[in-house]
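So you can see what is in the structure, the chains are spelled out below.
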Amino acid sequence: MAAHGYTNLLPVQRKRSLDPGDSKEMVAARRRFLATGHYQPIADAVARALLAGLPADARVRCLDAGCGEGYYLRRLAAVAGAGQTLAILGLDISKWAVLAAAKQDRRPTWVVGSNANLPVLAGTLDRVLCLFGFPVHREFARVLRAGGELVQVDAGPEHLRELREIIYPALKPRRTGAAPTPAGFRHLGTETLGYSFALTGAEPIADLLTMTPHLYRASAEGRARAAALSALTLTVDVRLARFARDAG
Ligand SMILES: C[S@@+](CC[C@H](N)C(=O)[O-])C[C@H]1O[C@@H](n2cnc3c(N)ncnc32)[C@H](O)[C@@H]1O
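Residues numbered from 1 in each chain as written. Predicted model: local features only at pLDDT ≥ 70, side-chain atom pairs only at ≥ 80, totals over all residues. Heavy atoms only, no water.

## Things to note about helix α1 (residues 24–35)
- Taking 1.5 Å per residue, twelve residues should reach 16 Å; α1 reaches 17 Å between its end C-alpha atoms and fits that length.
- Buried residues of α1: Met26, Val27, Ala29, Arg30, Phe33 and Leu34, and no others. In an axial view of α1, the angular spread of the buried residues amounts to 165°, which keeps them on one side of the axis. In α1, the exposed positions that point more than 90 degrees away from the buried face belong to Glu25 and Ala35.
- Where α1 is buried, its residues touch α3 (71–79), α4 (95–104), β7 (185–200), α7 (202–210) and α8 (214–217). (Helix = DSSP H or I, 4+ residues; strand = E, 2+ residues; numbered from the N terminus. Expected span 1.5 Å × (residues − 1). Buried < 20%, exposed > 50% of the residue type's maximum accessible area, 1.4 Å probe, protein only. Arc of directions from axis to C-beta. Contact = heavy atoms within 4.5 Å.)

Okay, here's the thing in structure tokens:
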């Protein structure tokens, strides 16, 4: 257990690299970007989807699998009904992400761990959230109770298109973003969230690039073109899918 209030449950023999997951710089960039509020409509939609259908006095056991620096769990706690008790577990393979999450809010349980081996008893969770992450559906099915729900958020084909147009010479056709129904689950519905937002100044644009995998995929020329920008209007296109855990 770290003094900052998180627990490291990723044994060294389960690590595939010395410092797995998002780097300290990526986590810091994502924290600054999310603090601008540009993704708040996503956070609000996630909170609504997670709490949908739960009684006003429910005790909700919820895991964010790949929680990053905890933005979406903090928003969830902020909008939960007065009578609802949230037992929240935020897990990420990046020590830097979990450290940043624990520093901002001590109430959830923060754990360094992997979606591939969740440190959670079978059938004990009501909700699992996986946002822009690395879903391991076999594990999500194991830890959810029958009727419990997975909320999965993925980028749609238009997501951040303007940034991709600048950093790549040509855009590859993208998948529709609709997540297939995983084994052991029933599809409850998929919501598309679309809007645009504007970034002004080189720093917010650099933060957005740094927090995405595009930073590593782009060429030096592509990164230089992004670094020369002083303003950029971007499209948000995300798919929020809900799946219920089958009984048995
Ligand atoms: C694109 S970020 C999204 C973070 C957060 N969900 C958000 O939207 O702000 C992906 C996250 O998944 C984490 N990650 C990568 N592999 C993982 C794994 N096997 N288990 C848990 N987390 C993982 C990374 O460290 C990173 O924080």
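## What to know about a positive patch on the surface
- A grouping of Lys15, Lys24, Arg31, Lys95 and Lys103 is seen on the molecular surface, where their side chains present a positively charged patch.
- Counting only elements with at least two residues in the positive patch, the list comes to α1 and α4.
- Summarising the element assignment, lysine 95 is placed in helix α4. (Patch = residues over 30% accessible without salt bridge, like charges linked within 9 Å, V, L, I, M, F, W, Y side chains within 5 Å. Areas by Shrake-Rupley, 256 points an atom, 1.4 Å probe, with all protein chains shown as cover. Salt bridge = Lys/Arg side-chain N within 4 Å of Asp/Glu carboxyl O. Lys, Arg positive; Asp, Glu negative; His and termini not counted. Charge placed at Lys NZ, Arg CZ, Asp CG, Glu CD.)

## So, the pattern of salt bridges
- Considering all chains together, one arrives at 14 salt bridges under this definition.
- Here aspartate 126 and arginine 61 are joined by a salt bridge, their closest N and O atoms 3.0 Å apart. Of the two residues, aspartate 126 sits in strand β5 (residues 125–131) while arginine 61 sits in strand β2 (residues 59–65), which places them 65 residues apart along the sequence.
- For aspartate 126, a relative accessible area of 5% puts it in the buried group.
- Residues arginine 127 and glutamate 149 are paired through a salt bridge, measuring 3.9 Å at the closest nitrogen-oxygen approach. Highlighted residues: arginine 127 in strand β5 and glutamate 149 in strand β6 (residues 144–155), separated in sequence by 22 residues.

## Regarding the nonpolar core
- One finds Tyr39, Ile42, Tyr72 and Leu208 to be the most contacted residues of the largest nonpolar core, which totals 55 residues.
- Element by element, the count of residues in this core is highest for helix α2 (residues 40–51), at eight residues.
- Residues contacting isoleucine 42, with those up to four places away along its chain left out, are Tyr72, Leu131, Phe132, Leu193, Tyr195, Val236 and Val238.
- One finds Leu63, Leu125, Val143 and Ala179 within the second-largest nonpolar core, a separate group that totals 19 residues. (Core = buried A, V, L, I, M, F, W, Y, C linked by side-chain atoms within 4.5 Å.)

## Concerning the site of the ligand
- Close to the ligand lie 17 residues; Asp22, Gly66, Asp92, Asn115 and Leu131 are nearest.
- Here a nitrogen atom of the ligand and a backbone polar atom of glycine 66 are 2.7 Å apart.
- Interatomic distance of 3.4 Å between a side-chain N/O atom of serine 114 and a nitrogen atom of the ligand. (Near = heavy atom within 4 Å. Polar contact = N/O pair within 3.5 Å; in protein donor to acceptor, adjacent residues only side chain to side chain.)

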